[in-house]
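Residue-level listing of the chains:
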Amino acid sequence: MAGTEQRLELEALYADYVHCLDADRLEAWPEFFTDNCHYRITSAENFEAGLPLGIVRATSKKMLRDRVAALREANVYEPQRYRHLVSSLRITAERAGELEVEANFLVVRTVQDGDMTLFAAGRYVDRLQRAAGGWKFAEKIVVLDSRQIDTLLAIPI
Amino acid sequence: MAGTEQRLELEALYADYVHCLDADRLEAWPEFFTDNCHYRITSAENFEAGLPLGIVRATSKKMLRDRVAALREANVYEPQRYRHLVSSLRITAERAGELEVEANFLVVRTVQDGDMTLFAAGRYVDRLQRAAGGWKFAEKIVVLDSRQIDTLLAIPI
Amino acid sequence: MAGTEQRLELEALYADYVHCLDADRLEAWPEFFTDNCHYRITSAENFEAGLPLGIVRATSKKMLRDRVAALREANVYEPQRYRHLVSSLRITAERAGELEVEANFLVVRTVQDGDMTLFAAGRYVDRLQRAAGGWKFAEKIVVLDSRQIDTLLAIPI
């Protein structure tokens, strides 16, 4: 039954993560991570080549908070909306208090006039650690199928 | 274990709901709702402003049936197909015999020549009640990321 | 509890299937099937008319392997990436050691310059059999909402 409970916890975590981003509650986003987390948005090409490059790269929760502050400052007016679809979540490794998880995602962007576009597709390659308040992301690598993303809009994914 | 069973019931409900719509079994659609249900398709903008407006708005199961009848009458020939993807379902509140649930959705439309477009993206904001035959929607608000939708095609979502 | 365990097994199976395809590990793909499996990609139109036609059609695991070999030979250079989103999985029939399952899917294609398109949408209509290593697909019908697909790229879905 431990497996079932863990599965429900993971699904709840990923659902909460996604709703946090889609509701533009960016200030709450760093709380999904451990203090010394690694967060990276990179291309599948770089990821598969083992390159540590990233379109976005943070190595602590503090850097994630700084990023949110910068995004808030830059985007005086932000009329887009983003919608995440996540599927095919699976645990790829399991250690005491630690899980490796991957999942597919698709992000759709809707602009003010109603036009919808495919903004990003790819997969999460994550390492989670058990913390007091539940699971936290110790590492989250957002591996984009595309080699690029609109960098002016390097929002969390 | 009650949590696990409830979770499976909810996933089954949302899967059945989606397959009902995508298979164009619209006559079965009102049966997912309580007799005095509220159903609404609205924009995120209106929803966040607390406006009770809706692109579609019904306050009983009977109105949902009338809507289906009207759609059947209007669409002499309906060559489109719709496909719902639903993810990130989560329970946001729980009371005796009642749940508040939200989930993300994406609807893709395929027209006769095979062209596929993003038809709608957004989230469900739902209130469910326990009934004899399982959970029913007492309230279902379809919150679109877009401010508009092709109103000639205001099909259930 | 048997229902819960079975549900987790199914979700794991579909997640593994999708990640296998999206990671282009096509040589592992036939292993998801029974030896005398039926695999078919067809249009909703043909499927609903009961026609046994298929854009892709295989009646054994060996034919699936041959297909992968042919794809490898043909695609000297394959710069696209595919991403599957699967949702609304449900069991539609259950017999001793056998399940009928359906689920919605969406496949997004990303080409080398980063352009993303909706490649395919539809549903899986599957029959699974219990085998030594877990569930296998005895029948998998990929029912496309579209009447056609880019046949030069008739990759597994």
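Refer to the preceding data block for the structure.
Summary of the structure given here. Each chain carries its own residue numbering, running from 1 in the written order of its sequence. All chains are assigned letters beginning at A, and all ligands numbers beginning at 1, according to the order in which they are written. With pLDDT at 70 or above as the cut-off, local features in this predicted model cover only qualifying residues; side-chain atom pairs require 80 or more to be listed or tallied, and sums for whole chains, interfaces and linings still use all residues. Heavy atoms from the whole structure form the basis of all side-chain values; hydrogens and water molecules are not counted.

The next point concerns the packing of aromatic side chains. In summary, the pairing rule links any two rings of Phe, Tyr or Trp, Trp by its six-membered ring, whose centres are within 6.5 Å, and it sorts them by plane angle into stacked for under 30 degrees, edge-to-face for over 60 and tilted for everything else. Taken as a whole and assessed by the stated rule, the structure comprises 36 aromatic pairs over all chains. Relative to Tyr-124 of chain A, the ring of Tyr-14 of chain A lies with its centre 6.3 Å away and its plane at 55 degrees, an arrangement referred to as tilted. On the criterion of sequence distance, the pair formed by Tyr-14 of chain A in helix H1 (residues 2–22) and Tyr-124 of chain A in strand E5 (residues 116–131) is long-range, its members being 110 residues apart. The class for Tyr-14 of chain A is buried, based on a relative accessible area of 4%. Measuring from centroid to centroid gives 5.6 Å for Phe-33 of chain C and Phe-137 of chain C, while their planes differ by 45 degrees, and the two rings are tilted. Within this pair, whereas Phe-33 of chain C is found in strand E1 (residues 33–43), its partner Phe-137 of chain C is found in strand E6 (residues 134–144), the two being separated by 104 residues in sequence. The pair Phe-33 of chain C / Phe-137 of chain C is uniform in exposure class, with both members buried. Taken together, the ring pairs connect Tyr-14, Tyr-17, Trp-29, Phe-32, Phe-33, Tyr-39, Phe-105, Tyr-124 and Phe-137 of chain A into an aromatic cluster. The side chain of Lys-140 of chain B reaches across the aromatic face of Phe-137 of chain B, ending 3.9 Å from its centre. Sitting over the ring of Tyr-17 of chain C, Lys-140 of chain C keeps its end group 4.5 Å from the ring centre. Where helices and strands are cited, they refer to DSSP runs of H or I of at least four residues and of E of at least two residues respectively, numbered from the N terminus. A 1.4 Å probe rolled over the protein chains alone gives each residue an accessible area, and that area as a share of the maximum for its type sets the label: buried under 20%, exposed over 50%, partly exposed in between. We call a charge positioned above a ring when the Lys NZ or Arg CZ atom is no farther than 6 Å from the ring centre and deviates by at most 35 degrees from the ring normal.

A few words on the relation of the copies chain C and chain B. The copies were overlaid by least squares, fitting only the C-alpha atoms of residues that reach a pLDDT of 70 or more in each copy. For the pair chain C and chain B, the relating rotation is 120 degrees, the translation along its axis is 0.0 Å, and the fit reaches an RMSD of 0.0 Å. Both copies of the chain, as the preceding transformation shows, are related through a three-fold rotation axis. The C-alpha atom lying nearest the rotation axis in chain C is that of Ser-87 of chain C; the distance is 4.0 Å.

Here the focus is the sheet that holds strand E2 (residues 56–58) of chain A. Strand order in the open sheet formed by six strands is E2-E1-E6-E5-E4-E3 (chain A), with mixed pairing between adjacent strands. Edge positions in the sheet fall to E2 and strand E3 (81–95) of chain A, since each of these pairs with one other strand and no more. Within this sheet the neighbouring strands show an average axis-to-axis angle of 20 degrees, counted without direction. Pairing between strands is defined by DSSP: at least two bridges between the two strands are required. As judged from the 13 bridges shared by strand E4 (residues 98–110) of chain A and E5 of chain A, these two strands associate in the antiparallel manner. The residue of E5 of chain A that forms the bridge with Glu-98 of chain A is Gln-129 of chain A. Its contacts with the sheet put H1 of chain A on strand E1 (33–43), E3, E4, E5 and strand E6 (134–144) of chain A, and the angle it makes with E3 of chain A is roughly 150 degrees. Contact criterion: two residues are considered in contact whenever any of their non-hydrogen atoms come within 4.5 Å of each other. The axes are straight lines fitted to the C-alpha atoms, using for helices just the contacting stretch, and the angles between their N-to-C directions are given from 0 to 180°. In the packing of helix H1 (residues 2–22) of chain C onto the sheet, the strands contacted are E3 and E4 of chain A, and the crossing angle to E3 of chain A comes to about 105 degrees.

Take helix H3 (residues 61–74) of chain C next. Residue count minus one, scaled by 1.5 Å, sets the expected span of a helix. Given a rise of 1.5 Å per residue, 14 residues ought to cover 20 Å, and the 20 Å separating the end C-alpha atoms of H3 of chain C matches this to within 8%. Against the buried residues of H3 of chain C lie E1 and strand E2 (56–58) of chain C.

Further remarks concern empty space enclosed by the protein. Points on a 1 Å grid over protein atoms alone make up a cavity when a 1.4 Å probe fits among them but cannot get out, and a pocket when they form an open set with protein on both sides within 12 Å along at least five of seven lines; lining residues each have an atom within 4 Å of a point. Grid points are joined across faces, edges and corners, and a volume is the space filled by probe spheres set on the points. Inspection of the entire model under this criterion finds three cavities of 30 Å³ or more. By volume, the largest cavity amounts to about 570 Å³. Together, 24 residues line the largest cavity, and Glu-11 of chain A, Glu-11 and Val-86 of chain B together with Glu-11 and Val-86 of chain C are the ones closest to its centre. Those elements giving two or more residues to the lining of the largest cavity turn out to be H1 and E3 of chain A, helix H1 (2–22) and strand E3 (81–95) of chain B together with H1 and strand E3 (81–95) of chain C. Its volume calculated, the second largest cavity comes out at about 70 Å³. Taken together, Thr-4, Arg-7, Leu-8 and Glu-11 of chain A, Thr-4, Arg-7, Leu-8 and Glu-11 of chain B together with Thr-4, Arg-7, Leu-8 and Glu-11 of chain C make up the lining of the second largest cavity.

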